[in-house]
Amino acid sequence: MTAETSGGTPVETRCGFVALIGAPNVGKSTLVNALVGAKVTIVSKKVQTTRALIRGIVIENNAQIILVDTPGIFLPKRRLDRAMVSTAWSGAHDADLVCVLIDAKSGLDEEADAILNKVASVGHEKILVLNKVDLVQREKLLALAQAANERIKFAKTFMISALSGDGVDDIRKALAEMVPAGPFLYPEDQMSDAPMRQLAAEITREKIYQKLHQELPYQSTVETEKWEERKDKSVRIEQTIYVERESQRKIVLGKGGATIKSIGADSRRELTDILGVPVHLFLFVKVRENWGDDPDRYREMGLEFPKE
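Residues numbered from 1 in each chain as written. Predicted model: local features only at pLDDT ≥ 70, side-chain atom pairs only at ≥ 80, totals over all residues. Heavy atoms only, no water.

## Things to note about the overall build of the protein chain
Reasoning step 1: A count of helical and extended segments in the protein chain gives nine helices and eleven strands.
Reasoning step 2: Looking at the 308 residues of the protein chain, the share that counts as buried comes to 51%.
Reasoning step 3: If you take every contact in the protein chain between residues at least 6 apart in sequence, the share linking residues at least 24 apart comes to 69%. (Helix = DSSP H or I, 4+ residues; strand = E, 2+ residues; numbered from the N terminus. Buried < 20%, exposed > 50% of the residue type's maximum accessible area, 1.4 Å probe, protein only. Contact = heavy atoms within 4.5 Å.)

If you want it as structure tokens, here you go:
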């Protein structure tokens, strides 16, 4: 496919899927948001926050780069864990390119070692991205890059800080050159293929993690039940936070409802910034026992329900 420049000269377009693979908390979501230049996936200091393949969409020159932010790869224990890991590897095999992220500070630890072993079987070109390089001495970085490249043949190696943005432009330009020739798959002004209802739920889920830290385990999910665009241009959103036990519901509500009000205020503020219109957000907390074993919940999160 070709597109015209402002001068009318035809230019061949490129488009491809790029999967980001790495251990939990290595910085994949932060890198996606930095590459896109906007928030399309939630970022949390708690690991395993990305559950489904949320895609960020980047336009760089004549190329459209579709970023697949996969769940962090870890040793799965629960059914939900197994679904997340399976989704991560399917994202790698289905993509055109694979970016392997390694936390430069952690180096080739047990998790990174296991990922390198498995990613060797992925048949696409692979790019090594050492993240959080601002925390490590240059000599150690060079040794780490050499060790990883001795394990696997990487097409390119980048040293970045996704948080500060250092080195992100170089990755964006390289990906634009490496994705295959082809037509754009999404409108040029679209940043993500995640529906706004889903993104809104993800933002509220992020605020829950930020507020509750270690108090609430991962047995919580958020669903956007209603989305009404009103005549005055504002949006009314109703969301339900599902937890597995009554004790967890009380934690989310907080004393006198203080915690849920704070979560709602933070989420509403960010949604207003993203949508550019006033947002009326109403949050409810309900107990849904063993939702982690319900196939319908997995489909809603874009995950395949593991049989075992």
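Now that the structure has been shown, the text picks up again.
## As for the environment of Val98
Reasoning step 1: Inspection of the secondary structure assignment puts Val98 in strand E6 (residues 97-103).
Reasoning step 2: Separated by 24 residues in sequence, Val98 and Val122 have C-alpha atoms that sit 8.4 Å apart.

## A closer look at the sheet that holds strand E11 (residues 279-287)
Reasoning step 1: Taken in spatial order, the three strands make up an open sheet running E9-E10-E11, and their pairing is mixed. In this open sheet, the two edge strands, each paired with only one partner strand, are strand E9 (220-229) and E11. Between one strand axis and the next, the sheet turns through 20° on average, direction left out of account.
Reasoning step 2: Where helix H7 (residues 246-253) meets the sheet, it contacts strand E10 (235-243) and E11, and its direction lies at approximately 155° from that of E11.
Reasoning step 3: The sheet contacts of helix H8 (residues 258-275) involve E9, E10 and E11, and relative to E11 the element is tilted by about 140°. (Pairing = 2+ DSSP bridges. Axes fitted to C-alpha atoms, helices over the stretch in contact; angles between N-to-C directions.)

## What to know about the packing of H7 against H8
Two quantities define a packed helix pair, namely the angle between the axes and the distance from one axis to the other.
Reasoning step 1: Between H7 and H8, the least distance of the axes is 5 Å, while the angle of their chain directions is 60°. Across the interface between the two elements, Ile251, Val252 and Leu253 from H7 touch Ala258, Thr259, Ile260 and Ile263 from H8.
Reasoning step 2: Residue composition of the contact of H7 with H8, grouped by class: six nonpolar, one polar and no charged. (Nonpolar A, V, L, I, M, F, W, Y, C, P; charged D, E, K, R; others polar.)

## Observations concerning the environment of Glu244
Reasoning step 1: Assignment of secondary structure puts Glu244 in the loop between E10 and H7.
Reasoning step 2: Taking the C-alpha atoms as reference points, Glu244 and Ser220, 24 residues apart in sequence, are found 7.1 Å from one another.

## Details of the packing of helix H1 (residues 28-36) against helix H5 (residues 168-178)
Reasoning step 1: One can describe the packing of H1 onto H5 by two numbers: an axis separation of 10 Å at closest approach and a directional angle of 75°. Taken as axis vectors, H1 and H5 run roughly perpendicular relative to one another. Of the residues in H5, those touching H1 at Leu31, Ala34 and Leu35 are Val168, Ile171 and Arg172.
Reasoning step 2: Here the contact of H1 with H5 is built from residues that sort into five nonpolar, no polar and one charged. (Parallel < 35°, antiparallel > 145°, perpendicular 65-115°, else oblique.)

## Observations regarding the nonpolar core
Reasoning step 1: Formed by 26 residues in total, the largest nonpolar core has its most connected members in Val18, Leu20, Leu31, Leu67, Cys99, Ile171 and Leu175.
Reasoning step 2: Considering each element in turn, this core owes the most residues, six residues, to H5.
Reasoning step 3: Ignoring sequence-local partners within four residues, the contact set of Leu175 consists of Val18, Ile65, Leu67, Leu97, Cys99 and Ile127. (Core = buried A, V, L, I, M, F, W, Y, C linked by side-chain atoms within 4.5 Å.)

## So, the pairing of strand E8 (residues 156-159)
Reasoning step 1: Summarising the sheet, strand E7 (residues 125-131) and E8 pair through four bridges and their orientation is parallel. Across the sheet, residue Ile127 finds its bridge partner in E8, namely Lys156.
Reasoning step 2: Read from E7 through helix H4 (residues 138-151) to E8, the crossover connection turns out right-handed. (Right-handed = clockwise from strand over helix to strand, strands pointing away.)

## Some points on the side chain of Gln239
Reasoning step 1: Mapped onto the elements of the fold, Gln239 is located in strand E10.
Reasoning step 2: In terms of polar contacts, Gln239 uses its side chain to reach the side chain of Thr224, at 3.2 Å.
Reasoning step 3: Residues in contact with Gln239, not counting those within four places in the same chain, are Ala200, Ala201, Thr204, Val222, Glu223, Thr224, Glu225, Leu281, Phe282, Leu283 and Phe284. (Polar contact = N/O pair within 3.5 Å; in protein donor to acceptor, adjacent residues only side chain to side chain.)

## Examining the environment of Phe154
Reasoning step 1: Within the secondary structure layout, Phe154 lies in the loop between H4 and E8.
Reasoning step 2: The class for Phe154 is buried, based on a relative accessible area of 8%.
Reasoning step 3: Taking the C-alpha atoms as reference, Phe154 lies 6.2 Å from Leu128; in sequence the two are 26 residues apart.
Reasoning step 4: Phe154 has contacts with Val100, Leu116, Lys126, Ile127, Leu128, Ala148 and Asn149, leaving out every residue within four places of it along the chain.

## Comments concerning the confidence of the model for the protein chain
Reasoning step 1: In the predicted model, the protein chain carries a mean pLDDT of 77, and the fraction of residues at 70 or more is 71%.
Reasoning step 2: Note that pLDDT drops below 50 for residues 41-52; the model gives that stretch 59 contacts with residues more than four away or on any other chain.
Reasoning step 3: pLDDT under 50 marks residues 72-76. Its contacts with residues more than four places away, or in other chains, come to 20 contacts. (pLDDT = per-residue confidence, 0-100.)

## A closer look at unusual backbone geometry
Reasoning step 1: Positive phi outside glycine occurs at Asn61, with the angle close to 55°.
Reasoning step 2: By the element assignment, Asn61 lies in the loop between strand E4 (54-60) and strand E5 (63-69).

## Quick notes on helix H3 (residues 110-119)
Reasoning step 1: Turning to H3, its buried residues are Ala112, Ile115, Leu116 and Val119. One face of H3 carries all of its buried residues, which in axial projection span an arc of 100°. (Arc of directions from axis to C-beta.)

## Considering the pattern of salt bridges
Reasoning step 1: In this structure the tally under the stated criterion is nine salt bridges.
Reasoning step 2: A salt bridge links Asp113 to Arg151, with the nearest nitrogen and oxygen atoms 2.8 Å apart. Of this pair, Asp113 sits in helix H3 while Arg151 sits in helix H4, and the two are 38 residues apart along the sequence.
Reasoning step 3: Judged by its relative accessible area of 36%, Arg151 is partly exposed.
Reasoning step 4: Each of Lys211, Asp266 and Arg269 takes part in one network of salt bridges that share partners. (Salt bridge = Lys/Arg side-chain N within 4 Å of Asp/Glu carboxyl O.)

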